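What follows is the residue order along each chain.
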Amino acid sequence: MSRFHDDPLVRRVVRAWAGRRSAPAPAGGCDGEPTAGGDGALALPGFWAGYLARMWATDDSVGPLFADWFGTDAATADAAWEAHLRDAARFRVPFGGGHSVWVVSCDFFPTDWGTEFYVTHPDWAPLRGGARRLATTDDDVLRRLGFDDDGYRTGPGLSWRELVHVAGTPDTGAPGVHDPYSRLLLLLPALGDADLPSDAPGVVGAALVSAGVPAAGAAGAAAFLLGRARWEAAHWTVPAGRAPGIARCDVPSSPRYGPGLARGLSRRQVLRLARALRS
């Protein structure tokens, strides 16, 4: 057991974290009401290198690889990420039927953070929490504190079919990120799918080229991201019934396991979300 476990502050943090995980996603992610913002961070030199590194790098030795893909350096990538955290630290990805996926990063500690992915709809506001969590990277913080338990990790949150559909169907009438390639890269960390199609590397590679990765290196970068998935490879199934429902994931750590995403929603709301996700 790590020596950090004996620190009273760490024990309080972990208890608070456990409470956060069991509660529904707050309407504003880590804090407050959701407000569209952070879109300007996408244009910062080094942003994508910083974002992807923090989603995939599990140790410092891998981090510089992401900067190399984009022809930048780790310091520039770190600066872009820190600027994003100081700004809105959240992205809105609006899609069909008035739904939005929010990608919210929170700077909980001086050197640690977590990122949440959750879906909202205006009609859900009266419901408890007003949002449905898709995935969270909170476990990164706990691992750095010396805990090996993955119990605070929740995901995956999207199948490949859903990821590509949501990325490619922006609601241009709502504020947020509308570029399909940027949307795909923002949501890619929530992906977990054992049945990736053969064109998946090409789709991710095209998004990386759009974000600044040279075409010659895009295939290798895409293969790295898809081959080093954050989550256990999941199988997705749609419950049998008279009308299509929301796809369910077979990974117990996922909020999509069982009826979780649909819990508390009316049948009409479930059908609307299923159509929007193209589950």
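Scroll up a little and you will see the structure.
About the thresholds
Residues numbered from 1 in each chain as written. Predicted model: local features only at pLDDT ≥ 70, side-chain atom pairs only at ≥ 80, totals over all residues. Heavy atoms only, no water. Axes fitted to C-alpha atoms, helices over the stretch in contact; angles between N-to-C directions. Helix = DSSP H or I, 4+ residues; strand = E, 2+ residues; numbered from the N terminus. Parallel < 35°, antiparallel > 145°, perpendicular 65-115°, else oblique. Contact = heavy atoms within 4.5 Å. Nonpolar A, V, L, I, M, F, W, Y, C, P; charged D, E, K, R; others polar. Phe/Tyr/Trp six-rings, centres within 6.5 Å; stacked < 30°, edge-to-face > 60°. Buried < 20%, exposed > 50% of the residue type's maximum accessible area, 1.4 Å probe, protein only. Lys NZ or Arg CZ within 6 Å of the ring centre and 35° of its normal. Core = buried A, V, L, I, M, F, W, Y, C linked by side-chain atoms within 4.5 Å. Pairing = 2+ DSSP bridges. Polar contact = N/O pair within 3.5 Å; in protein donor to acceptor, adjacent residues only side chain to side chain. Salt bridge = Lys/Arg side-chain N within 4 Å of Asp/Glu carboxyl O.

(A) Representation of the packing of helix H2 (residues 47-56) against helix H4 (residues 74-86). Put simply, H2 and H4 touch, their axes get as near as 7 Å, and they point 85 degrees apart. Considering their axes alone, H2 and H4 lie roughly perpendicular with respect to each other. Contact residues: Phe-47, Ala-49, Gly-50, Tyr-51, Arg-54 and Met-55 in H2; Ala-77, Asp-78, Ala-80, Trp-81 and His-84 in H4. Partitioned by chemical class, the residues of the contact of H2 with H4 number 7 nonpolar, 2 polar and 2 charged.

(B) Spotlight on unusual backbone geometry. Between Gly-155 and the following residue, Pro-156, the backbone shows a cis peptide bond with an omega angle of 5 degrees. With respect to the secondary-structure elements, Pro-156 resides in the loop between helix H5 (139-144) and helix H6 (160-168).

(C) Expanded view of the packing of aromatic side chains. Evaluation of the coordinates by the stated rule reveals 8 aromatic pairs. Aromatic side chains Trp-48 and Tyr-51 sit 5.9 Å apart centroid to centroid with 85 degrees between the ring planes, which places their arrangement in the edge-to-face category. Of this pair, Trp-48 and Tyr-51 both sit in helix H2, 3 residues apart, which is roughly one turn of that helix. On the accessibility criterion, Tyr-51 (1% relative accessible area) is buried. Centroid distance Trp-69 to Phe-224: 5.6 Å. Interplanar angle 75 degrees. Geometry classified as edge-to-face. Pair noted here: Trp-69 is in helix H3 (residues 63-69) and Phe-224 is in helix H9 (residues 215-227), with a separation of 155 residues, a long-range link. An aromatic cluster is defined as three or more aromatic residues linked by ring pairs; in this entry it consists of Phe-47, Trp-48, Tyr-51, Trp-81 and Phe-91. Across the ring face of Trp-124, the terminal group of Arg-132 is positioned such that the distance to the ring centre comes to 6.0 Å.

(D) Structural view of the nonpolar core. Counting residues in each nonpolar core, the largest one holds 61 residues, and the members touching the most others are Tyr-51, Phe-117, Leu-187, Val-204, Leu-208, Leu-225 and Leu-273. In terms of residue count, the dominant contributor to this core is H2 (8 residues).

(E) Inspection of the environment of Trp-69 at higher detail. Exposure remark for Trp-69: the relative accessible area of 12% places this residue in the buried category. As a C-alpha pair, Trp-69 and Pro-214 span 145 residues in sequence and 7.5 Å in three-dimensional space. In this view, Trp-69 contacts Val-213, Pro-214, Ala-221, Phe-224 and Leu-225; residues no more than four positions away in its chain are not counted.

(F) Representation of the sheet that holds strand E1 (residues 90-94). The strand order across the open sheet formed by 4 strands is E1-E2-E3-E4, and the pairing between neighbours is antiparallel. Single-partner strands in this sheet number two, and they are E1 and strand E4 (132-136). Ignoring which end each strand starts from, the neighbouring axes of this sheet average 20 degrees apart. Judged from the 5 bridges that link them, E1 and strand E2 (residues 100-106) form a sheet pairing that is antiparallel. Pairing of Pro-94 across the sheet is with Ser-100, part of E2. Sheet strands in contact with helix H7 (residues 180-187) are E1, E2 and strand E3 (114-120), and its direction is about 120 degrees off that of E1.

(G) Representation of the environment of Glu-82 within the structure. Locating Glu-82 in the fold gives a position in helix H4. A residue is classified by how much of its surface remains accessible, and Glu-82, at 42% relative accessible area, is partly exposed. Taking the C-alpha atoms as reference, Glu-82 lies 9.4 Å from Phe-47; in sequence the two are 35 residues apart.

(H) View of the side chain of His-121. Relative to the elements of secondary structure, His-121 occurs in the loop between E3 and E4. At 3.0 Å, the side chain of His-121 forms a polar contact with the backbone nitrogen of Asp-123. Polar side-chain contacts of His-121 include one of 3.2 Å to the side chain of Arg-272.

(I) Layout of the pattern of salt bridges. Counting across every chain of the model gives 4 salt bridges. Put simply, Glu-116 and Arg-133 hold a salt bridge, and the shortest N to O gap is 3.1 Å. Separated by 17 residues along the polypeptide, Glu-116 in strand E3 and Arg-133 in strand E4 bring together distant segments of the chain. Glu-116 sits in the buried class, given a relative accessible area of 1%.

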